[in-house]
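# Reading the structure
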4 protein chains.
Amino acid sequence: MKKIKVAVLGATGMVGQRFISLLEGHPFFELTDIAASERSAGKRYGDAASWYLESGMPESMQDRVVSEIDPKVIDADIVFSALPSDVAMDVEPAFARAGFTVASNASAYRDEADVPLLIPEINPEHLGLLEVQRRNRGWDGAIITNPNCTSIVLTLSLKPLYDSFGIDRLFVTSMQALSGAGYSGVSAMSIIDNVIPYIGGEEEKVESESHKILGSFDDGAIKDAEFKISASCNRVFTSDGHLESVFIDLSEKPSVDEVEDAFKSFGGLPQKLGLPTAPKPPIVLRSESDRPQPRFDRMAGAGMAISVGRVRKDSIFDIKYSVLGHNTIRGAAGASILNAELFAREKL
Amino acid sequence: MKKIKVAVLGATGMVGQRFISLLEGHPFFELTDIAASERSAGKRYGDAASWYLESGMPESMQDRVVSEIDPKVIDADIVFSALPSDVAMDVEPAFARAGFTVASNASAYRDEADVPLLIPEINPEHLGLLEVQRRNRGWDGAIITNPNCTSIVLTLSLKPLYDSFGIDRLFVTSMQALSGAGYSGVSAMSIIDNVIPYIGGEEEKVESESHKILGSFDDGAIKDAEFKISASCNRVFTSDGHLESVFIDLSEKPSVDEVEDAFKSFGGLPQKLGLPTAPKPPIVLRSESDRPQPRFDRMAGAGMAISVGRVRKDSIFDIKYSVLGHNTIRGAAGASILNAELFAREKL
Amino acid sequence: MKKIKVAVLGATGMVGQRFISLLEGHPFFELTDIAASERSAGKRYGDAASWYLESGMPESMQDRVVSEIDPKVIDADIVFSALPSDVAMDVEPAFARAGFTVASNASAYRDEADVPLLIPEINPEHLGLLEVQRRNRGWDGAIITNPNCTSIVLTLSLKPLYDSFGIDRLFVTSMQALSGAGYSGVSAMSIIDNVIPYIGGEEEKVESESHKILGSFDDGAIKDAEFKISASCNRVFTSDGHLESVFIDLSEKPSVDEVEDAFKSFGGLPQKLGLPTAPKPPIVLRSESDRPQPRFDRMAGAGMAISVGRVRKDSIFDIKYSVLGHNTIRGAAGASILNAELFAREKL
Amino acid sequence: MKKIKVAVLGATGMVGQRFISLLEGHPFFELTDIAASERSAGKRYGDAASWYLESGMPESMQDRVVSEIDPKVIDADIVFSALPSDVAMDVEPAFARAGFTVASNASAYRDEADVPLLIPEINPEHLGLLEVQRRNRGWDGAIITNPNCTSIVLTLSLKPLYDSFGIDRLFVTSMQALSGAGYSGVSAMSIIDNVIPYIGGEEEKVESESHKILGSFDDGAIKDAEFKISASCNRVFTSDGHLESVFIDLSEKPSVDEVEDAFKSFGGLPQKLGLPTAPKPPIVLRSESDRPQPRFDRMAGAGMAISVGRVRKDSIFDIKYSVLGHNTIRGAAGASILNAELFAREKL
């Protein structure tokens, strides 16, 4: 198969770097352009980007020249957007209008009725919205978004429960990693020997996105899933890996074993299609009493699998458990890439 | 008032040190004896104890000689027990039988029907159990326990809600400090860049103790409070200060303002009596969006007040909020001392 | 004694907050004005400042109104400067010209030949420069600076060795706390599970300031001390407290005991005069094998004493030891206040 | 080439796990036995070992049965020793006597005159001691040791300087990772917001081992190198990666460029032979002002290369620089494996 040309918009930030790292040697995609803000455009990438990942900047990227974020200068079919939301608001439609498919990690268009909030293991049929989107907006291209990092980790664990038992309501308390705020988002002085029980806008995103993600695609529109959800979000001193404590009330009343079986046997379309970035299995079920833990489990499935553990009976609702996922791989850049892989494979 | 003689059992550990530090210059109590295990008995305290508190060992303690843990050699009316639970199991009754009042931080006797699980702001009337206890067991002395650190912080926040609105059920997710596991309880390698979503026995303690603490004393017995509670406990990288996210369903349906008023106006018997260790107010209500935080709020009220913040409407239950308290002061040594102050003042 | 009116310039930053905290109830000084940049001027201090210290903002400060940084609006005799160096460059002379004595923590004027780089325990006679400074510059007021935080901690340990044995040369490797970079100076993502072996300009400051600090005041000028010094500076994950490993070659060849005696018996003019902020003793000598440590020793002498430990023979030079001091108290705000106390007492 | 049978002694600890991880799929070696103390012997490895590495326990190891540490039951030619030093003292000679070649990370025999303290890039000719050792001790097998982790990182950086310019003396201050003390060696409470300026026995090891490592093998004996060295060792809050600040006096007076060239062009016998674990290059020279850093540079060369940076003129000695290496790979298990690779290749 001839490789599809892709570009990364916002290539110098932390999520942009994850995109570049994950696209290195990708079997479907060829990274033809990297674009960033005016401050960086025209520079060597090695000079423009302070590299934040432990793996080191790929040698081949050092001398690549950073482009402007402009549809006229980008040579690609798919563009990955790691742009800040306020920039994405204007830039992403411009690219879609110019015929690009935008696989976006930004929150700007996630809530639009005709924009898919895609997680290929959960709602691949939501890609059907693209036809509606193009018709509505008169675009040749399209925007596909992935959810917020905390929402992705959570809803991947909800999907098998939703399908097998139905979900009535759930509470989730998150303990989120520093990288979720961007490389400079949390100062060391504010978090040393500390936890910050607040992340601006996060609880609202988790609550609203979950309904759309698990919703059904019917007659050209998403019908939100109908459970209730409430979130409490905290920032803790970990580099990567969001950990979430979940209390959940299911429609049916399965045993702990049945719930664990649902997690273990879960797989979705990306696994069936063998998409390159699809983790096998997407959910790792831990049997130890004290797992999942961010440092030890975030890289499960090369950072694309979530890990679930401590599944146990709850005295109020049916079940409680802990779930963990890598927030900048499964929760950001990897999510967009998997979306683009599905899109490419489905030849939409 | 002539000072009451007190001793500390288990004086070399971290909670023992908190006792010593808090008893320095205490207006009611005179520390006449410090006792520890055979390994330490007979040594200078300055040699026997590795001092763990940032404030430094009080000069006056350096040359004190450590006693054996034996009722025959201890000269005191009240003994504070910072013993491990398995040691407390045998030692505490021996002291009670010998006429001492044992104010214990150990968990060994917390669940006994005739042993008060005392928090003076919440259930001072539970001291009435002592008469029952003495009759049952034929002791001249008595055992008074304080709850687990996580339970204390939680139930102090529950009390005003329980009294004003009634509690139907609640979920709590804790993010607990390292000191709760003892000075050597958590290795640095296990917690660096990590969260551990498990603390052995903790969830069970929080769930069971809460009902007894908020129970009523009636006809010589505690009648458990009748709400439902479920906990999920996590260890995070903080030195002191347990933070808890609470989702709560109240019998009445108060507004956020009414709930905040209940927190703000809360006070109990220790505040009325002006007990030396009683914080004024016992609950500090924070109005910032991102408080309480362990590093900044754990020392509220000299470590004896809890801090509540982020009180907000919940989409499933009525209210959600965050609460924080110092786990080795309010949650351990300070709790026992306040218990002993109430006991001494009530001249039981 | 009637209190002297003082103001704090740059009152909203972390060092500014230390000034405010340390001036609370000060016996010599009355805080009449607090000033900050245009963004804050005119606001309530409680609204203008995000309070960073664990002790909490003094109640009395909440409603104070923040002034502009302008000599015409400030009502004070002494102004403490916590300004960034580039702002201090213009502002401090303007205040000195207008008749204020500026006790500055900024680096802007530290290297000027007629500006004292004052540490009252080391070089109180350097205040004699003020006469020269006023004559040179035609000012009614004056500028008095304190050294860089790392330099202060180091030179306080050097002074007794310099006086008793002479110093030929020394190497120092620092492990510096986060607060030295300002509250937002180091991002959590850059320092988690990490050490940064570089602090811009720090090594040069330590090397150059030390000579001036230990220099003699003779004939209206400072004659630099004549030892050699080389520094290597590192940022580690501590909140406060700079730790430094020193290897030192002395002119005389004292025993370890003699060196320890020199540390222990050290005292200076502030101790003799009983200045309010002077620690007694200024150097705490630790005998344990593993001290000083930042968390346990930074608050020695209310944060104004340095702690020295691990004094031992060196196989190349004579002696090696570790020294620690609180970088934002002894190394910044407390240093300026002690300078002002000496100035006030000496009625210059 | 037929694979050589190897075993790991002390297979359940952190260094033992590194051995197992690095031997997975090794081209020279086949892991035939894993042995550990009585407590673990006879159990499945998956049950006996709490796995500490982020990469997860290799699937193939889960069901392996742990052997006793007894030459009679071990089927291997080479045994890797990750034993505690006091156990190694008796066990290693027993294995050597029984004909095994022991590649040891323990310190028990490092100082023996007839035992090589081998770093293949530095002193491959020290393997000549084996003949002496066998003759002296009447063993069929042999003991080959690798140095202490801090010494390995340091001396790898010293070797090119020693060869090109001669070394007169040096000072080194280390900032060492937690894993160097074993998984449970440092409690989280002792190191949170802290640095510990002491590691028992470490400074002595660094000082004594360096002379032997850089010594010459002549006439059947090692002649120690003749420079002077002094160390100051500190424990900081990093998981892996020892960082060291070095001040060095060279015999010749090279420029910074010449020193950097010496680092860059350095290579040794393992690189020439293409040994599987040999990093290419062994020294990574960083040109950024703030590198090397533990989190970003410890995995250079798959954890086997050291990283050097901040090479600059020194005002007292000639040169100062920072050096970093992974303490449990290059500084422990990887070091022993490289030693065994050299031994196997040289067919001694």
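Everything numeric in this text was worked out from a predicted model, so none of it was measured.

## Here we look at the interface of chain A and chain B
- On the chain B side, the residues contacting the 50 residues of chain A number 50 residues.
- Around 3,900 Å² of area is buried between chain A and chain B when both sides are counted, 54% of it from carbon and sulfur atoms.
- Inspection of the region where chain A meets chain B yields 8 salt bridges.
- The set of elements that each furnish at least two residues to the side of chain A that touches chain B consists of β6 (167-176), α6 (188-191), α7 (202-213), β9 (228-235), β10 (242-250), α10 (294-297), β12 (306-313) and β13 (319-325) of chain A.
- If you tally residues by element for the side of chain A that touches chain B, the top one is β9 of chain A, at 7 residues.

## Some points on the domain arrangement of chain A
Residues and elements named next belong to chain A.
- Taken as a whole, chain A is organised into domain 1 (4-148 + 333-345) and domain 2 (149-326).
- Centre-to-centre separation of domain 1 and domain 2, based on C-alpha positions: 24 Å.
- Facing 33 residues of domain 1, the contacting portion of domain 2 comprises 39 residues.
- The junction of domain 1 with domain 2 conceals about 2,900 Å² of combined surface from both sides, 67% of it contributed by carbon and sulfur atoms.
- On the domain 1 side of the interface with domain 2, the three residues burying the most area are E121, I122 and N148, jointly 27% of the side's total.
- Along the contact surface separating domain 1 from domain 2 lie 2 salt bridges.
- Going through the elements one at a time, α1 (14-23), α4 (129-137) and α11 (329-345) are the ones with two or more residues in the side of domain 1 that touches domain 2.
- Per element, the largest residue contribution to the side of domain 1 that touches domain 2 is 7 residues, and it comes from α11.

## Re the relation of the copies chain A and chain B
- In the superposition of chain A on chain B (RMSD 0.0 Å, axial shift 0.0 Å), the rotation amounts to 180°. Both copies are brought into coincidence by an operation consistent with a two-fold rotation axis.
- The share of interface residues of chain A whose copies in chain B are also at the interface is 100%, consistent with both copies meeting through the same surface.

## Observations regarding the side chain of N146 of chain B
All names here are of chain B.
- Relative to the elements of secondary structure, N146 occurs in the loop between β5 (142-145) and α5 (149-165).
- In terms of polar contacts, N146 uses its side chain to reach the side chain of S336, at 2.5 Å.
- Beyond its immediate sequence surroundings of up to four residues, N146 is in contact with S104, N105, R110, L117, L118, I152, G331, A332, A335, S336 and N339.

## So, the sheet that holds β13 of chain A
All names here are of chain A.
- Judged by pairing direction, the sheet is mixed, and its 6 strands sit side by side in the order β9-β6-β10-β13-β12-β11 without closing on themselves. On the outer flanks of this sheet lie β9 and β11 (283-285), each paired with one strand and no other. Geometrically, the sheet is characterised by an average inter-axis angle of 20° between neighbouring strands, direction not taken into account.
- Pairing of β10 with β13 involves 7 bridges; the strand directions are antiparallel. By the bridge assignment for β13, S245 is matched with S322.
- Relative to the sheet, helix α8 (residues 256-264) contacts β10, β11, β12 and β13, its axis offset from that of β12 by approximately 170°.

## Topic: the side chain of Q17 of chain D
Residue and element names in this part refer to chain D.
- Considering the arrangement of structural elements, one finds Q17 in helix α1 (residues 14-23).
- At 2.7 Å, the side chain of Q17 and the backbone oxygen of S50 are in polar contact.
- Setting aside residues no more than four positions away along its own chain, Q17 makes contact with A11, T12, Y45, A49, S50, W51, Y52 and L53.

## As for the relation of the copies chain B and chain C
- Least-squares fitting of chain B to chain C yields an RMSD of 0.0 Å, with the transformation described by 0.0 Å of translation along the axis and a rotation of 180°.
- Taken as a fraction of all interface residues of chain B, those also at the interface in chain C reach 90%, which identifies the copy contact as same-surface.

## Some words on the packing of helix α1 (residues 14-23) of chain B against helix α11 (residues 329-346) of chain B
All names here are of chain B.
- α11 packs onto α1 with a crossing angle of 55° between their chain directions and a minimal axis gap of 9 Å. Classed by the angle they form, the pair α1 and α11 counts as oblique. Like other packed secondary-structure pairs, α1 and α11 cross with a definite hand, here right-handed. Within the contact between the two elements, α1 uses V15, R18, F19, L22 and L23 and α11 uses I329, A332, A333, G334, S336 and I337.
- Residues of the contact of α1 with α11, tallied by class, amount to 8 nonpolar, 2 polar and 1 charged.

## Observations regarding the interface of chain B and chain C
- Taken together, the 10 residues of chain B in the interface contact 9 residues of chain C.
- Interface area, chain B with chain C, both sides summed: about 890 Å², of which 52% is carbon and sulfur.
- By the criterion of area lost to chain C, the three top residues of chain B are E54, R295 and F296 of chain B, representing 55% of everything that side buries.
- At the boundary of chain B and chain C, one finds 2 salt bridges.
- The partner of E54 of chain C in a salt bridge is R295 of chain B, and the shortest N-O contact between them spans 3.1 Å.

Rules used in this analysis
- Residues numbered from 1 in each chain as written.
- Chains lettered and ligands numbered in written order.
- Predicted model: local features only at pLDDT ≥ 70, side-chain atom pairs only at ≥ 80, totals over all residues.
- Heavy atoms only, no water.
- Contact = heavy atoms within 4.5 Å.
- Buried area = accessible area lost by both parts, 1.4 Å probe.
- Salt bridge = Lys/Arg side-chain N within 4 Å of Asp/Glu carboxyl O.
- Helix = DSSP H or I, 4+ residues; strand = E, 2+ residues; numbered from the N terminus.
- Domains from an automatic or database assignment.
- Least-squares fit on C-alpha atoms with pLDDT ≥ 70 in both.
- Polar contact = N/O pair within 3.5 Å; in protein donor to acceptor, adjacent residues only side chain to side chain.
- Pairing = 2+ DSSP bridges.
- Axes fitted to C-alpha atoms, helices over the stretch in contact; angles between N-to-C directions.
- Parallel < 35°, antiparallel > 145°, perpendicular 65-115°, else oblique.
- Left-handed = near helix turned anticlockwise from the far one by under 90°.
- Nonpolar A, V, L, I, M, F, W, Y, C, P; charged D, E, K, R; others polar.

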